[in-house]
Amino acid sequence: MSAGPRRHLLSTADLSAEDAMLILDTAAEFARLADRPIKKLPTLRGRTVVNLFYEDSTRTRISFETAAKRLSADVINFSAKGSSVSKGESLKDTALTLEAMGADAVVVRHWASGGAHRLAHAGWIRSAVVNAGDGTHEHPTQALLDAYTLRARLGGLEGRRVTVVGDVLHSRVARSNVRLLATLGAEVTLVAPPTLMPFGVEGWPCSSSYALDPVLPKSDAVMMLRVQRERMDQAFFPTEREYSRRYGMHADRMAQLPEHAVVMHPGPMNRGLEISAEVADSARSTVTEQVANGVSVRMAVLYLLLGGSEPAIGTEDEGERR
Amino acid sequence: MTDVTVPTAAENAASGLRAPAPMRAVLDAAAVQRALTRIAHEILERTQGADDAVLLGIPTRGAHLAARLARQIAEVEGRTLPHGTLDVTMYRDDLRLRPARTLGHTEIPDGGVDGKLVVLVDDVLFSGRTIRAALDALADLGRPRAVQLAVLVDRGHRELPIRADYVGKNLPTAQRETVQVRLAEIDREDAVLLGTKPEREAGR
Amino acid sequence: MTNWTIKGASPLGGPARDLYVREGRIAEAPAPDATVIDAAGLIALPGLVDLHTHLREPGREDAETVLSGSRAAAAGGFTAVHAMANTDPVADTAGVVEQVWRLGREAGYCDVQPVGAVTVGIAGERLAELGAMAESAARVRIFSDDGHCVSDAALMRRALEYVKAFGGVVAQHAQEPRLTEGAQMNEGELSDVLGLRGWPAVAEEAIIARDVLLAAHTGSRLHVCHLSTAGSVEIVRWAKSKGYPVTAEVTPHHLLLTEDLVRGYDPVYKVNPPLRSKDDVEAVRAGLADGAIDVVATDHAPHPVEAKDCEWAVAAMGMLGLETALSVVQQTMVATGLLDWAGVADRMSVRAARIGQLEEHGRPLEVGEPANLTLLDPAAARVIEPASLHSRSRNTPFAGLELPGAVHATLLRGTATVLDGKVVDR
């Protein structure tokens, strides 16, 4: 158990530009490990990182697991499937169990918005909490790896124009990205049908548009969000065909982008719905880079939260309440 | 060159504990240069031409020193030794005693370190813990034929069985003194300065 | 029965005088054996009446019982409470309402007046036996599916028509269900930031608009529960200007708290309807001040610890209210100059008793009237400590807040249920 003050990474809104750049720069150093014969560092030896997943996400879990293991931490995977969590054990009781096991950090994916926040601040545990996606709220490490990928591809973020397209209303990836990219000086434009645009989007640090085509020639990067097919049944849009026609990224639209522009997707993709196979497999697509960068960024987050006597990033602990 | 003198208790008292005694130059720019030239020659001598030597500097100042040594050797031999940097932050044994810090840069020259004679370069040799971390970091990068150590200043007070193969200047010091190496690349001058920690920070 | 001489109280905040209680009624002169209450500096109010209380018994006695809830009510200065119907079993038959009514009488801390369900099992499908409940010993007059909205317009129309037969009133929980599926908090900029599904104001206002028109059309009495938005105030104000038979209530928490509290995802702030914006808070205060809103009703909703010590999305909705209502009204309405103490008596007792048709409550503090009264020390201030509440539950959103005013004594027909600020054990 770390002795010093404890911090968490719950939202990109909590990251200053300096914090975010520190994470990206640290990740850049970790990225170089990939070329070495031994990809492991002894830094977090003896520390325990728990991956607590209330929602299936093999990709995110493996990414965090790899990151923790490359830093020599002990990793415990605690998944809702096949454990007492699925039998109705409360988040609180699970948290108390993890506390008793001496977890130094809990990486939590939760279907409820605020799940990570609650785990961090309800006074149940003393570990650092890393939000690996909570409901329709935030997914800060995804935004960090997107920012890392953009910086690597575009040479920087200041003044770069990033267009985020799709189901913004239900997307934690969009929420985290808008805040982080704004903090890092990029200009974000959200594109969605009005039904999938957040109610109070005017107050967000970005601009918005209901049409994709006019935005494309001015975009340095386009981030396509995954569309849940069940949204159609909830009348957010009439048909998949209409959605794809108005908001999908396909070859014709890709041709309207500037030469240097990239197309991103957080995965998993619905090929043929929000992104065509041709685009997904093109040289502009950063999809596989995003996955690789995810490990480096998550190593950086774990190192900066757990590596020293006190964390270098994240939100101050609010202390135990009531 | 000035001789090393430890300030007397009276001098300390006179300077007042609030403001530490000003740092005193024990090596000036010319002396730093002479020391590096000597180390460069010693490396060539002791490694019989340094055919398979790789210079790895420990960030921040050790990295600049390694680059300078490589340049000096090139002037003598007409050939540039492979040189790079080795960040040891993640291998330090005091990571958890201090706030998480920014990583330095590790840059291994083409050809790697396997089977090579690696000369680690650092500015000051003190407890030996940095070098211990460097040896661990090195082991994760490959298997050198041998490892040697070059330092600009050896100030004593070793806490581990580590010694330098090449020393620019042996500088006997008291625990509560501080040694600061300044290099033109980042500090706008070459010098080695000696100072005294204020009583409170001396860790007594 | 103890007789009382209440020395130097200010009735409704007016000039100080002595009040005499004899044989449970306010009397002309002191009884020779009267016990003296030093009431200098205290305000005398008619005993408070709550139109909206969840006592949880039968079914969730771990959260509250009629006994614990009515002790909490007495501590808060109430002499009558209306027990909502969403118990388990639901209060949709004469048997259940009579049981609750009897438990209230046995507890003896305040008059517990059951509210009957509008539909069987509050399922919104067919009318419960409203007449049987009206004619039972409990004399039910208010009917409500509270917790659920009678969203079917035809069913709501029939309920409004049917209760005319016995002078009943339908109290509507106004929430359009399709517009609030999975709703977690007020819909607005903050709900987007927090990623919590929005509960839009229009979902409340659309139902209120429909219902006031139905009330006008049927000529029957509608009461709007826990109205929470500026738009709702406007609609009710308009309906009253038309002379429609409509009344409305607002909760203490909607008078004081805003949605900003949701930022920390602490479910103690999760409530239905949700905490709204600052503008809404100002509008409901103004509506209460000008009479567009008739009464303050607590919507006291006890929940066991585990129902709140969890993720926001799975937490139960609701807040405690009985023991803090008067203090919140003092802070939000009296200290701001929006209401005087006579106004407080009107909104927390007189009008509530009239809507609930409780003949012995909400009466003037005059000779011959039943001695249901509350003595308040308006100069006191207290920090709300959940552990010191009389409710069996702890889910107060006011924990740690300093609020003005403390109930010094509560008399129920001359019997002290609270004395010297302490609930009297019976």
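Conventions we followed
Residues numbered from 1 in each chain as written. Chains lettered and ligands numbered in written order. Predicted model: local features only at pLDDT ≥ 70, side-chain atom pairs only at ≥ 80, totals over all residues. Heavy atoms only, no water. UniProt positions renumbered as here; feature names shortened; annotations may be inferred. Helix = DSSP H or I, 4+ residues; strand = E, 2+ residues; numbered from the N terminus. Contact = heavy atoms within 4.5 Å. Core = buried A, V, L, I, M, F, W, Y, C linked by side-chain atoms within 4.5 Å. Buried < 20%, exposed > 50% of the residue type's maximum accessible area, 1.4 Å probe, protein only. Domains from an automatic or database assignment. Expected span 1.5 Å × (residues − 1). Buried area = accessible area lost by both parts, 1.4 Å probe. Pairing = 2+ DSSP bridges. Axes fitted to C-alpha atoms, helices over the stretch in contact; angles between N-to-C directions.

Colleague: So what's going on with the UniProt feature "binding site: carbamoyl phosphate" (unreviewed entry) in chain A? Residues and values would help.
Modeller: Residue and element names in this part refer to chain A. In this numbering, the UniProt entry assigns the feature "binding site: carbamoyl phosphate" (unreviewed entry) to R59, T60, R109, H139, Q142, G267 and P268. Here H139 is to be found in the loop between strand 5 (128-134) and helix 5 (140-154). Apart from residues no more than four positions distant in its own chain, H139 is found in contact with T60, R109, A132, G133, R172, V173, S176 and R298.

Colleague: So what's going on with the nonpolar core? Which residues, and what values?
Modeller: Of all hydrophobic cores here, the largest spans 110 residues; its most connected members are A:F30, A:L71, A:L144, A:L150, A:L190, B:L86 and B:L120. Here this core takes ten residues from helix 11 (residues 287-306) of chain A, the largest share from any one element. Residue-level mapping places this core at the junction of two domains, with at least three residues from each of domain 1 (12-139 + 291-317) and domain 2 (140-287) of chain A. Those residues in contact with A:L190, other than ones at most four positions away along the chain, are A:V164, A:V168, A:V178, A:M197, A:V201, A:W204, A:C206, A:S207, A:S208 and A:S209. C:L45, C:L160, C:M348 and C:L376 belong to the second-largest nonpolar core, a separate cluster that totals 78 residues.

Colleague: Account for helix 4 (residues 129-141) of chain B, naming residues and giving values.
Modeller: Residues and elements named next belong to chain B. Between its terminal C-alpha atoms helix 4 stretches 19 Å, which fits the 18 Å expected from 13 residues at 1.5 Å a residue. Turning to helix 4, its buried residues are T130, I131, A133, A134, A137, L138, D140 and L141. In the segment just after helix 4, G142 is the residue with positive phi, at about 160°.

Colleague: Go over the domain arrangement of chain A with me, naming the residues and quoting the values.
Modeller: Residues and elements named next belong to chain A. Taken as a whole, chain A is organised into domain 1 (12-139 + 291-317) and domain 2 (140-287). The centre of domain 1, based on its C-alpha atoms, is set 26 Å off from the matching centre of domain 2. Domain 1 puts 33 residues into the contact, and the matching count from domain 2 is 24 residues. It is T12, L24 and H139 in domain 1 that bury the most area against domain 2; as a group they hold 28% of the surface buried on that side.

Colleague: I'd like a rundown of the sheet that holds strand 2 (residues 48-53) of chain A, residues and numbers included.
Modeller: In a beta sheet, neighbouring strands pair by backbone hydrogen bonds and run either parallel or antiparallel. All names here are of chain A. If you walk across this open sheet you meet the four strands as 3-2-4-5, and the pairing is parallel. At either margin of the open sheet sits one strand with a lone partner, and together these are strand 3 (74-79) and strand 5. Put simply, the sheet's adjacent strands are angled 15° from each other on average, direction ignored. Two elements, strand 2 and strand 4 (residues 105-110), share five bridges in a ladder whose sense is parallel. Counterpart to F53 in the pairing with strand 4 is R109.

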